[in-house]
Amino acid sequence: FLPFLTGERSLGWHAGARGAFAGLNLDSGPIRMARAGLEGVALRFALAANRLSECFPQANEIIASGGALHASPAWAQIFADTLGRPLRLAEEPEASSRGAALLALEALELLSPGEESEARTGRVYEPDLRRHETYCVLLARQQAAYDGLIAK
């Protein structure tokens, strides 16, 4: 599944990118399609995380926020499996707002980098490395499908 229902919002920034299912057959019922949707989104995050790791090799932890991951342990596990790294959930109710506020305080020189208190975190999802290998293959297939659709 290519999850670009509103265009691509990162990496390639193709506003005209569109979502697509590939490889459907008579066995592709609603549950499989829903799982493909969850996996498709997680694979795009894994692609972004891989690129960020190239820029920040010293980063040693992935902390995720958002109500959807808290509400679906299955999706959080899919994320950990696609990333191939442990995924720790943030317990901050407004993690994005907290991060923006900390950046603003640093920019105003009211807070030194690293001075802020640690964010509250919770459950850690450990990746299944066998599933991660499968997701690496699926990410390559997803990227090939994306490249084929964007080139047109």
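Not measured: the values here are computed from a predicted model. In this numbering scheme, every chain counts its residues from 1 along its sequence in written order. In keeping with the predicted nature of the model, local features appear solely for residues at pLDDT of at least 70, side-chain atom pairs appear and are counted solely at 80 or more, and the whole-chain, interface and lining totals rest on all residues. Excluding hydrogens and water, the side-chain figures rest on all heavy atoms present in the structure.

Description of the side chain of Glu8
Thought 1: Mapping Glu8 onto the fold places it in the segment before helix H1 (30-55).
Thought 2: The definition of a polar contact used here is a pair of N or O atoms within 3.5 Å, where within protein one atom must be able to donate a hydrogen and the other to accept one, and adjacent residues in sequence count solely through side-chain atom pairs. A distance of 3.4 Å separates the side chain of Glu8 from the backbone nitrogen of Trp13, its partner in a polar contact.
Thought 3: Contact between two residues is taken to exist if any of their heavy atoms lie within 4.5 Å; hydrogens are not considered. Excluding residues that lie within four positions of it along the chain, Glu8 makes contacts with Trp13, His14, Ala15, Ala17, Arg44 and Tyr146. Put simply, DSSP H or I for four residues or longer makes a helix, DSSP E for two residues or longer makes a strand, and each gets a number counted from the N terminus.

Some details on the sheet that holds strand S3 (residues 121-125)
Thought 1: Strands sit in the order S1-S2-S3 across an open sheet of three strands; the sheet is mixed. If you trace the sheet from one side to the other, it starts and ends with strand S1 (62-64) and S3, each paired once. Between one strand and the next, the sheet's axes are offset by a mean angle of 35 degrees, whatever the strand orientation.
Thought 2: Any two strands with at least two DSSP-identified bridges between them are counted as paired. Judged from the three bridges that link them, S1 and strand S2 (residues 87-90) form a sheet pairing that is parallel. When the bridges of S2 are listed, Ile62 appears paired with Leu87.
Thought 3: Axis lines are fitted to C-alpha atoms, over the contacting stretch for helices. Their N-to-C directions set the angle, which ranges from 0 to 180 degrees. Together, S1, S2 and S3 form the strand contacts of helix H3 (residues 73-83), whose direction differs from that of S3 by roughly 65 degrees.

Notes on the pattern of salt bridges
Thought 1: The rule for a salt bridge is simple: a side-chain nitrogen of Lys or Arg has to be within 4 Å of a carboxyl oxygen of Asp or Glu. Within the structure shown, the criterion is met by seven salt bridges.
Thought 2: For Arg98, the salt bridge is made with Glu92, and the minimal N-O distance between the two is 3.9 Å.
Thought 3: Using a 1.4 Å probe on the protein chains alone, a residue whose accessible area is under 20% of its type maximum counts as buried, one over 50% counts as exposed, and one in between counts as partly exposed. Owing to a relative accessible area of 23%, Arg98 belongs among the partly exposed residues under this scheme.
Thought 4: Members of the salt-bridge network, linked through shared partners, are Asp81, Asp128 and Arg131.

A closer look at the nonpolar core
Thought 1: In this structure, Leu69, Trp75, Phe79, Leu83, Leu87, Leu89 and Tyr125 are the most contacted members of the largest nonpolar core, which totals 19 residues.
Thought 2: Counting residues per element, this core draws most heavily on H3, which supplies six residues. What we call a nonpolar core is a set of buried Ala, Val, Leu, Ile, Met, Phe, Trp, Tyr and Cys residues that are connected through their side-chain atoms within 4.5 Å.

Looking at the pairing of S2
Thought 1: In the sheet, S2 pairs with S3 via three bridges, with the strands oriented antiparallel. Bridge pairing in S3 places Leu87 opposite Tyr125.

A word on the confidence of the model for the protein
Thought 1: Summary of the metric used: pLDDT quantifies the predictor's per-residue confidence within the range 0 to 100. Of all residues in the protein, 97% have pLDDT values of 70 or greater, and the mean over the chain is 90.
Thought 2: Highest mean pLDDT in the protein belongs to H3 (97); lowest belongs to helix H4 (residues 95-107) (85).

Re the packing of aromatic side chains
Thought 1: Note on aromatic contacts: the rings of Phe and Tyr and the six-membered ring of Trp form a pair at centre separations within 6.5 Å, being stacked when their planes are under 30 degrees apart, edge-to-face when over 60 apart, and tilted otherwise. Tallied over the full model, the rule gives four aromatic pairs.
Thought 2: Ring geometry for Phe4 versus Tyr146: centroids 5.2 Å apart, planes at 55 degrees, classification tilted. Of this pair, Phe4 sits in the segment before H1 while Tyr146 sits in helix H5 (residues 129-150), placing them 142 residues apart in sequence.
Thought 3: Residue Tyr146 is classed as buried on the basis of its relative accessible area of 6%.
Thought 4: An aromatic cluster is built from Phe45, Trp75 and Phe79, whose rings are joined through pairwise contacts.

Here's the deal with the side chain of Glu39
Thought 1: Following the sequence through the fold, Glu39 ends up in helix H1.
Thought 2: Accessibility expressed as a relative area gives 16% for Glu39, which makes it buried.
Thought 3: Setting aside its immediate chain neighbours within four residues, Glu39 contacts Ile78 and Tyr135.

Some remarks on a nonpolar patch on the surface
Thought 1: Like charges are joined within 9 Å and nonpolar side chains (Val, Leu, Ile, Met, Phe, Trp, Tyr) within 5 Å, but only among residues with over 30% relative accessible area and no salt bridge; these make up the patches. The Shrake-Rupley method, run with a 1.4 Å probe sphere, supplies the accessible areas, and residue values consider only the shown protein chains as cover. Residues Leu105, Leu108 and Leu110 make up a contiguous nonpolar surface patch of roughly 310 Å² in combined accessible area.
Thought 2: Here Leu108 shows up in the loop between H4 and S3.
Thought 3: Judged by relative accessible area, Leu108 falls into the exposed class, the value being 60%.

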